[in-house]
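Secondary and tertiary structure notes
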Amino acid sequence: MEFFSHPHRRYNPFTGEWVLVSPHRTNRPWQGQVETVARQPSVPYDPGCYLCPGNTRAKGGRNPRYEGVFVFDNDFAALNPETPLVEFDERGLLRASTERGICRVMCFSPRHDLTLPELSVSDIHQVVDVWAQQTAALGSLDFVSHVQIFENKGALMGASSPHPHCQVWGSKTVPTEAAKELRALSAHLEERGVCLVCDYVALELAASQRIVLQNEHFVIVVPFWAVWPFETLVLPRRHLGGLPELSAMERLALAEALKRLIVCYDNLFETAFPYSMGFHQAPTDGAHHPEMHLHAHYYPPLLHSATVRKFMVGYEMLGNPQRDLTPEAAAARLRQVAEDRA
Ligand code: H2U
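Residues numbered from 1 in each chain as written. Predicted model: local features only at pLDDT ≥ 70, side-chain atom pairs only at ≥ 80, totals over all residues. Heavy atoms only, no water.

**Observations concerning the packing of helix 2 (residues 176–192) against helix 3 (residues 196–207)**
Axis separation between helix 2 and helix 3 bottoms out at 8 Å; the angle between their running directions is 85°. Judged by the inter-axis angle, helix 2 sits roughly perpendicular to helix 3. Packed against helix 2, whose contacting residues are A184, L185 and H188, the element helix 3 presents L196, V197 and D199 at the interface. Split by residue class, the contact of helix 2 with helix 3 holds four nonpolar, one polar and one charged. (Axes fitted to C-alpha atoms, helices over the stretch in contact; angles between N-to-C directions. Helix = DSSP H or I, 4+ residues; strand = E, 2+ residues; numbered from the N terminus. Parallel < 35°, antiparallel > 145°, perpendicular 65-115°, else oblique. Contact = heavy atoms within 4.5 Å. Nonpolar A, V, L, I, M, F, W, Y, C, P; charged D, E, K, R; others polar.)

**Overview of a nonpolar patch on the surface**
Where nonpolar side chains cluster on the molecular surface, the patch consists of F88, L93 and L94 and spans about 330 Å² of accessible area. Residue F88 is classed as partly exposed on the basis of its relative accessible area of 43%. (Patch = residues over 30% accessible without salt bridge, like charges linked within 9 Å, V, L, I, M, F, W, Y side chains within 5 Å. Areas by Shrake-Rupley, 256 points an atom, 1.4 Å probe, with all protein chains shown as cover. Salt bridge = Lys/Arg side-chain N within 4 Å of Asp/Glu carboxyl O. Buried < 20%, exposed > 50% of the residue type's maximum accessible area, 1.4 Å probe, protein only.)

**Examining the sheet that holds strand 7 (residues 146–153)**
With antiparallel pairing, nine strands are arranged side by side in an open sheet as 3-6-8-7-12-13-11-10-9. Looking at the sheet topology across the chains shown, the edges are occupied by strand 3 (70–73) and strand 9 (211–214). Each neighbouring strand pair of the sheet contributes to a mean axis angle of 20°, computed without reference to strand direction. As judged from the four bridges shared by strand 7 and strand 12 (residues 275–280), these two strands associate in the antiparallel manner. What sits directly across from F150, in strand 12, is G278. (Pairing = 2+ DSSP bridges.)

**Brief notes about the sheet that holds strand 2 (residues 17–21)**
The strands making up a sheet associate through hydrogen bonds between their backbones, and the pairing can be parallel or antiparallel. Taken in spatial order, the three strands make up an open sheet running 1-2-16, and their pairing is mixed. Both outer strands of the open sheet, strand 1 (8–12) and strand 16 (322–323), are each paired with one neighbouring strand and no more.

**Things to note about the site of the ligand**
Neighbouring the ligand are 13 residues, the closest being A58, N74, D75, S160 and H165. Here A58 contributes a backbone N or O atom positioned 2.7 Å from an oxygen atom of the ligand. Contacts to the ligand include N74, whose side-chain N or O atom sits 2.7 Å from an oxygen atom. Look at the ligand: alone it shows 480 Å² of surface, and the protein chains cover 87% of it. (Near = heavy atom within 4 Å. Polar contact = N/O pair within 3.5 Å; in protein donor to acceptor, adjacent residues only side chain to side chain.)

Right under this line is the structure:
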């Protein structure tokens with residue numbers, strides 16, 4: 001009796017949440033929504049793009065004729081540094097508090113038509129350097145306790161422009177997802193005296209079946225508790241809290257690993273694979289955070305082709321996430337794609 005071939009629940013120790021895995025359902029028919037494949041831009045410069053070098057943005061600011069990575073303050077920022085601090089509380093049921101912060105947009109390249117994996121490893125290394133610089137710069141502001149770097153890639157994930165870019169938000173409060181992880185990581189460190197992520201990396205290396213790829217400094221796995229079909233977790237082998245702590249060699253290794261991962265994704269369904277990704281790193285609140293171990297989550301929505309996505313609805317909204325394809329099968333598919341390319 002093979003345990004993993006039966007319906008079962010898997011625990012996510014990063015969040016304390018569960019996912020239902022139903023491996024016997026992988027071949028169920030799909031007669032639902034079919035997405036259109038967004039066409040990739042074919043021109044290196046688009047005069048109508050708000051993010052291309054030399055162009056005027058939506059609120060009138062003009063981009064310089066930048067040549068590498070370009071960062072600017074978001075013209076439609078969700079958070080502002082000057083927001084007055086006010087609390088609202090009615091009988092503990094209606095609670096709110098104002099929030100300070102800062103939002104930036106980061107263009108990976110002046111080239112409108114390239115996506116991250118089409119950049120050279122040294123260009124991606126520059127992106128990693130700017131991620132680290134932005135984390136340090138925003139993290140040093142007195143109203144920023146947490147820096148969230150994230151990328152929405154593809155129209156399917158709500159990206160507003162095909163120009164390769166990500167966002168950096170610094171906030172006074174640690175947001176919900178990061179806070180959940182910090183609590184779990186803290187509890188693990190307190191109870192067992194070791195970092196949860198270091199423990200998990202060792203388990204995955206020993207098991208090897210969920211590893212997608214690895215290099216000297218990073219391991220990329222489909223986590224045991226993955227919710228999205230081809231979700232991955234990017235894990236530094238060394239215990240460190242945030243991007244600014246990465247050595248030059250580790251930054252290069254991260255660039256190399258991310259390029260390989262996204263090439264795998266793109267080749268899986270022969271499409272520019274959409275996803276939301278982001279880093280979780282130690283808060284910048286001035287306290288010591290030995291529990292935090294830098295990592296990146298990739299959440300791609302595609303299920304079994306370029307046009308069929310997984311929906312988080314019904315049972316997911318009311319019960320807990322559910323998946324059909326096992327994380328082990330997803331990792332094997334991605335590994336196969338990587339090997340076919342080698
Ligand atoms: P997304 O594609 O992930 O939405 O990120 C693009 C961001 O760029 C978005 O937050 C900002 C939007 O507010 N933006 C500007 O700041 N200026 C512009 O002229 C266009 C878009």
